[in-house]
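Structure assessment
One-letter residues, chain by chain:
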Amino acid sequence: MKKFIFILAAVFVLITSGCSNRFRAEKMINDIFTCVAWVEGDDGENVYWCGARWTGPYGVTVDEQGLLFHRGDKVSKKRAKKLACEHLEKQVFPFLGHVERRLSDKEIIAVCLFIYNVGGEQFSGHKIDGSVARDKCGRVVPPSQFLQAINRGDRPEKVVNYMTGFRKSGGCRANGLLKRHWVTGAIYLGEISVNDVKKCRPKSFYDTKNFGNYYWLDGHRNIICEGGYYKLRYDKTTKKAFKAMNFAKSNQRSVNSIV
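First, a word on scope: everything that follows refers to the structure included in this document.

Conventions we followed
- Residues numbered from 1 in each chain as written.
- Predicted model: local features only at pLDDT ≥ 70, side-chain atom pairs only at ≥ 80, totals over all residues.
- Heavy atoms only, no water.
- Helix = DSSP H or I, 4+ residues; strand = E, 2+ residues; numbered from the N terminus.
- Expected span 1.5 Å × (residues − 1).
- Buried < 20%, exposed > 50% of the residue type's maximum accessible area, 1.4 Å probe, protein only.
- Core = buried A, V, L, I, M, F, W, Y, C linked by side-chain atoms within 4.5 Å.
- Contact = heavy atoms within 4.5 Å.
- Phe/Tyr/Trp six-rings, centres within 6.5 Å; stacked < 30°, edge-to-face > 60°.
- Lys NZ or Arg CZ within 6 Å of the ring centre and 35° of its normal.

This part covers helix α4 (residues 105-118). A rise of 1.5 Å per residue sets the reference length of α4, with its 14 residues, at 20 Å; its end C-alpha atoms lie 20 Å apart and thus fit the reference within 8%. Counting buried residues along α4, 11 of its 14 residues qualify, which places the element largely inside the surrounding structure. Within the sequence span of α4, burial applies to Glu107, Ile108, Ile109, Ala110, Val111, Cys112, Leu113, Phe114, Ile115, Tyr116 and Val118. Remark: Gly119 follows α4 within two positions and exhibits a positive phi of approximately 100 degrees.

Okay, structure coming up:
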(Lines give C-alpha, C1' and ligand atoms only; values in the text may rest on other atoms or scores of the structure.)
Protein backbone atom coordinates (compact mmCIF):
# COMPACT_ATOMS: atom_id res chain seq x y z
CA MET A 1 0.00 0.00 0.00
CA LYS A 2 2.80 2.40 0.94
CA LYS A 3 4.59 1.62 -2.34
CA PHE A 4 1.41 2.38 -4.31
CA ILE A 5 0.96 5.70 -2.50
CA PHE A 6 4.61 6.56 -3.20
CA ILE A 7 4.15 5.85 -6.93
CA LEU A 8 1.01 7.99 -7.04
CA ALA A 9 2.84 10.80 -5.30
CA ALA A 10 5.72 10.59 -7.76
CA VAL A 11 3.34 10.68 -10.73
CA PHE A 12 1.53 13.65 -9.21
CA VAL A 13 4.81 15.55 -8.76
CA LEU A 14 5.81 14.79 -12.37
CA ILE A 15 2.49 16.00 -13.78
CA THR A 16 2.30 19.11 -11.63
CA SER A 17 5.94 20.02 -12.33
CA GLY A 18 5.42 19.83 -16.10
CA CYS A 19 2.19 21.83 -15.92
CA SER A 20 3.76 24.42 -13.61
CA ASN A 21 6.74 24.93 -15.91
CA ARG A 22 4.53 25.37 -18.95
CA PHE A 23 2.13 27.72 -17.16
CA ARG A 24 4.99 29.89 -15.96
CA ALA A 25 6.59 29.91 -19.43
CA GLU A 26 3.34 31.26 -20.85
CA LYS A 27 3.43 34.04 -18.26
CA MET A 28 7.03 34.85 -19.19
CA ILE A 29 6.58 34.78 -22.96
CA ASN A 30 7.71 38.39 -23.36
CA ASP A 31 10.99 37.70 -21.56
CA ILE A 32 11.51 34.53 -23.57
CA PHE A 33 10.83 36.38 -26.80
CA THR A 34 13.37 39.05 -25.79
CA CYS A 35 16.02 36.33 -25.54
CA VAL A 36 14.93 34.87 -28.89
CA ALA A 37 15.32 38.32 -30.43
CA TRP A 38 18.84 38.52 -29.00
CA VAL A 39 20.08 35.29 -30.53
CA GLU A 40 18.10 35.49 -33.79
CA GLY A 41 18.11 39.23 -34.57
CA ASP A 42 15.62 41.11 -36.74
CA ASP A 43 17.48 41.14 -40.07
CA GLY A 44 15.15 43.12 -42.32
CA GLU A 45 11.86 42.15 -43.94
CA ASN A 46 13.38 40.15 -46.81
CA VAL A 47 13.88 36.51 -45.82
CA TYR A 48 17.50 35.33 -45.89
CA TRP A 49 19.09 31.91 -46.33
CA CYS A 50 20.37 30.71 -42.95
CA GLY A 51 22.07 27.63 -44.40
CA ALA A 52 19.04 25.39 -43.99
CA ARG A 53 15.90 27.46 -44.61
CA TRP A 54 14.69 30.85 -45.73
CA THR A 55 14.39 32.82 -42.51
CA GLY A 56 12.67 36.02 -41.40
CA PRO A 57 13.19 38.26 -38.36
CA TYR A 58 13.53 36.48 -35.00
CA GLY A 59 14.36 33.21 -36.75
CA VAL A 60 10.87 32.45 -38.09
CA THR A 61 10.86 30.01 -41.00
CA VAL A 62 7.16 29.22 -41.56
CA ASP A 63 4.04 31.29 -42.16
CA GLU A 64 0.66 31.21 -40.41
CA GLN A 65 -0.27 27.99 -42.25
CA GLY A 66 2.98 26.27 -41.30
CA LEU A 67 4.40 26.59 -44.82
CA LEU A 68 8.08 27.34 -45.34
CA PHE A 69 9.11 30.76 -46.58
CA HIS A 70 10.72 31.04 -50.02
CA ARG A 71 13.20 33.33 -51.71
CA GLY A 72 11.73 36.80 -52.17
CA ASP A 73 9.19 36.55 -49.36
CA LYS A 74 8.86 39.51 -47.00
CA VAL A 75 8.06 39.29 -43.31
CA SER A 76 7.49 42.44 -41.25
CA LYS A 77 8.87 42.59 -37.72
CA LYS A 78 5.34 42.80 -36.29
CA ARG A 79 4.25 39.71 -38.17
CA ALA A 80 7.51 37.90 -37.31
CA LYS A 81 7.04 38.58 -33.60
CA LYS A 82 3.53 37.15 -33.74
CA LEU A 83 4.80 34.06 -35.58
CA ALA A 84 7.66 33.62 -33.12
CA CYS A 85 5.31 33.82 -30.13
CA GLU A 86 2.89 31.37 -31.75
CA HIS A 87 5.81 28.99 -32.29
CA LEU A 88 6.77 29.29 -28.64
CA GLU A 89 3.23 28.54 -27.53
CA LYS A 90 2.61 25.63 -29.91
CA GLN A 91 6.03 24.07 -30.56
CA VAL A 92 8.17 24.95 -27.54
CA PHE A 93 6.13 25.24 -24.32
CA PRO A 94 4.42 21.82 -24.69
CA PHE A 95 7.79 20.06 -24.48
CA LEU A 96 8.34 21.46 -20.99
CA GLY A 97 5.98 18.69 -19.94
CA HIS A 98 8.93 16.28 -20.24
CA VAL A 99 10.84 18.14 -17.52
CA GLU A 100 10.27 16.23 -14.28
CA ARG A 101 11.14 18.93 -11.77
CA ARG A 102 10.08 22.49 -11.13
CA LEU A 103 12.42 24.85 -12.95
CA SER A 104 13.39 28.33 -11.83
CA ASP A 105 12.37 31.23 -14.07
CA LYS A 106 15.86 31.59 -15.55
CA GLU A 107 16.00 27.84 -16.25
CA ILE A 108 12.64 27.94 -18.03
CA ILE A 109 13.81 30.77 -20.28
CA ALA A 110 17.03 28.94 -21.15
CA VAL A 111 15.31 25.62 -21.83
CA CYS A 112 12.78 27.34 -24.10
CA LEU A 113 15.64 29.06 -25.94
CA PHE A 114 17.33 25.68 -26.42
CA ILE A 115 14.14 24.05 -27.72
CA TYR A 116 13.50 27.01 -30.04
CA ASN A 117 16.88 26.25 -31.59
CA VAL A 118 17.20 22.45 -31.74
CA GLY A 119 13.52 21.45 -31.66
CA GLY A 120 11.31 19.76 -29.11
CA GLU A 121 11.80 16.26 -30.50
CA GLN A 122 15.58 16.47 -30.21
CA PHE A 123 15.21 17.86 -26.70
CA SER A 124 12.68 15.34 -25.38
CA GLY A 125 12.76 12.29 -27.64
CA HIS A 126 9.02 12.69 -28.20
CA LYS A 127 6.72 14.20 -30.78
CA ILE A 128 4.34 17.02 -29.95
CA ASP A 129 1.55 14.46 -29.36
CA GLY A 130 3.67 12.60 -26.80
CA SER A 131 4.53 9.61 -28.97
CA VAL A 132 8.14 8.45 -29.39
CA ALA A 133 10.08 10.46 -31.98
CA ARG A 134 11.97 8.74 -34.78
CA ASP A 135 14.53 10.04 -37.26
CA LYS A 136 14.31 9.78 -41.06
CA CYS A 137 15.71 6.24 -40.89
CA GLY A 138 13.08 5.12 -38.39
CA ARG A 139 15.44 5.04 -35.42
CA VAL A 140 14.15 6.13 -32.02
CA VAL A 141 15.30 9.61 -31.02
CA PRO A 142 16.48 9.40 -27.39
CA PRO A 143 15.84 12.19 -24.89
CA SER A 144 18.75 14.63 -24.95
CA GLN A 145 21.41 14.33 -22.29
CA PHE A 146 20.58 17.94 -21.47
CA LEU A 147 17.03 16.95 -20.49
CA GLN A 148 18.20 13.84 -18.66
CA ALA A 149 20.69 15.88 -16.63
CA ILE A 150 17.96 18.37 -15.71
CA ASN A 151 15.67 15.55 -14.59
CA ARG A 152 18.45 13.88 -12.59
CA GLY A 153 19.04 17.11 -10.73
CA ASP A 154 22.69 17.39 -11.77
CA ARG A 155 24.64 20.47 -10.74
CA PRO A 156 23.62 23.38 -13.02
CA GLU A 157 27.27 23.98 -14.01
CA LYS A 158 27.36 20.43 -15.34
CA VAL A 159 23.87 20.47 -16.87
CA VAL A 160 24.69 23.29 -19.31
CA ASN A 161 27.65 21.38 -20.75
CA TYR A 162 25.28 18.73 -22.09
CA MET A 163 23.89 21.25 -24.58
CA THR A 164 27.16 20.89 -26.49
CA GLY A 165 26.12 17.41 -27.61
CA PHE A 166 24.36 19.44 -30.32
CA ARG A 167 27.30 21.02 -32.13
CA LYS A 168 27.16 19.90 -35.75
CA SER A 169 25.34 20.99 -38.88
CA GLY A 170 25.74 19.07 -42.12
CA GLY A 171 28.29 16.83 -40.41
CA CYS A 172 30.60 19.73 -39.52
CA ARG A 173 31.12 21.58 -36.26
CA ALA A 174 28.83 24.61 -36.15
CA ASN A 175 30.73 27.29 -34.27
CA GLY A 176 27.70 29.59 -34.17
CA LEU A 177 25.71 26.90 -32.38
CA LEU A 178 28.47 26.49 -29.80
CA LYS A 179 28.50 30.24 -29.15
CA ARG A 180 24.73 30.18 -28.76
CA HIS A 181 25.05 27.43 -26.16
CA TRP A 182 27.23 29.75 -24.08
CA VAL A 183 24.58 32.48 -23.87
CA THR A 184 21.83 29.92 -23.22
CA GLY A 185 23.93 28.42 -20.45
CA ALA A 186 24.63 31.87 -19.02
CA ILE A 187 20.88 32.50 -18.80
CA TYR A 188 20.31 29.04 -17.25
CA LEU A 189 22.93 29.74 -14.56
CA GLY A 190 21.70 33.28 -13.92
CA GLU A 191 24.95 34.83 -15.13
CA ILE A 192 23.01 36.91 -17.66
CA SER A 193 19.58 38.31 -16.77
CA VAL A 194 16.82 39.40 -19.12
CA ASN A 195 17.71 42.99 -18.27
CA ASP A 196 21.30 42.24 -19.35
CA VAL A 197 19.98 40.75 -22.59
CA LYS A 198 18.12 43.98 -23.35
CA LYS A 199 21.40 45.91 -23.10
CA CYS A 200 23.23 43.64 -25.56
CA ARG A 201 23.71 44.14 -29.27
CA PRO A 202 21.63 41.60 -31.25
CA LYS A 203 23.67 38.57 -32.36
CA SER A 204 26.98 40.29 -31.59
CA PHE A 205 28.20 37.33 -29.53
CA TYR A 206 28.56 35.32 -32.76
CA ASP A 207 31.31 37.67 -33.96
CA THR A 208 34.15 36.63 -31.67
CA LYS A 209 36.64 34.13 -33.12
CA ASN A 210 38.31 33.36 -29.80
CA PHE A 211 36.63 30.31 -28.29
CA GLY A 212 38.50 31.01 -25.08
CA ASN A 213 35.77 33.59 -24.52
CA TYR A 214 33.23 30.77 -24.20
CA TYR A 215 34.96 27.46 -23.44
CA TRP A 216 37.86 26.13 -21.41
CA LEU A 217 40.77 25.38 -23.75
CA ASP A 218 43.77 23.09 -23.39
CA GLY A 219 47.41 24.05 -23.99
CA HIS A 220 46.92 23.74 -27.75
CA ARG A 221 43.86 26.02 -27.61
CA ASN A 222 41.48 23.18 -28.37
CA ILE A 223 38.14 23.08 -26.52
CA ILE A 224 38.38 20.72 -23.55
CA CYS A 225 36.08 17.73 -24.02
CA GLU A 226 34.93 15.66 -21.04
CA GLY A 227 32.85 12.56 -21.63
CA GLY A 228 31.99 13.73 -25.15
CA TYR A 229 30.84 17.19 -24.08
CA TYR A 230 32.61 20.54 -24.23
CA LYS A 231 33.29 22.47 -21.05
CA LEU A 232 31.63 25.89 -20.97
CA ARG A 233 33.46 28.72 -19.21
CA TYR A 234 31.79 31.13 -16.78
CA ASP A 235 34.62 32.52 -14.64
CA LYS A 236 34.70 36.21 -13.66
CA THR A 237 37.16 37.16 -16.41
CA THR A 238 35.02 35.57 -19.13
CA LYS A 239 31.79 37.17 -17.91
CA LYS A 240 33.40 40.60 -17.62
CA ALA A 241 34.86 40.33 -21.14
CA PHE A 242 31.54 39.19 -22.55
CA LYS A 243 29.65 42.21 -21.24
CA ALA A 244 32.38 44.58 -22.40
CA MET A 245 32.21 43.16 -25.93
CA ASN A 246 28.45 42.77 -26.21
CA PHE A 247 26.73 45.54 -24.26
CA ALA A 248 25.58 48.23 -26.71
CA LYS A 249 27.24 51.64 -26.64
CA SER A 250 25.16 54.83 -26.86
CA ASN A 251 25.37 54.84 -30.67
CA GLN A 252 24.62 51.12 -31.15
CA ARG A 253 21.39 49.14 -31.44
CA SER A 254 20.42 47.09 -28.41
CA VAL A 255 17.98 44.21 -28.08
CA ASN A 256 15.70 46.58 -26.20
CA SER A 257 15.45 48.75 -29.34
CA ILE A 258 14.30 45.89 -31.59
CA VAL A 259 11.69 44.06 -29.49
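With that out of the way, let us pick up the nonpolar core. If you look at the biggest cluster of nonpolar residues, it comprises 68 residues, and the most contacted ones within it are Trp38, Phe93, Val111, Phe123, Phe146, Trp182 and Tyr188. Elements supplying a minimum of two residues to this core: α2 (29-40), α3 (77-92), α4, α6 (145-152), α8 (175-189) and α9 (194-199). Sorting elements by how many residues they give to this core places α4 first, with 10 residues. Setting aside anything within four residues of it in sequence, one finds Trp182 in contact with Ile192, Asn213, Tyr214, Leu232, Arg233, Tyr234, Thr238 and Phe242.

Moving on, we get to the packing of aromatic side chains. Here a ring pair, both rings aromatic, is described through the centre-centre distance and the interplanar angle of the planes. Taken as a whole, this structure holds 17 aromatic pairs when the rule is applied. Taken together, a centroid distance of 5.4 Å and an interplanar angle of 70 degrees make the contact between Trp38 and Phe205 edge-to-face. One end of the pair, Trp38, is in helix α2; the other, Phe205, is in the loop between α9 and β5 (225-226), and 167 residues separate them in sequence. Of the residues examined, Trp38 reaches a relative accessible area of 0% and is grouped as buried. Owing to a relative accessible area of 1%, Phe205 belongs among the buried residues under this scheme. Ring pairing ties together the aromatic residues Trp38, Trp182, Phe205, Tyr206, Tyr214, Tyr234 and Phe242, which thus form one cluster. Sitting above the plane of the Phe211 ring, Arg173 keeps its charged end 5.1 Å from the centroid.

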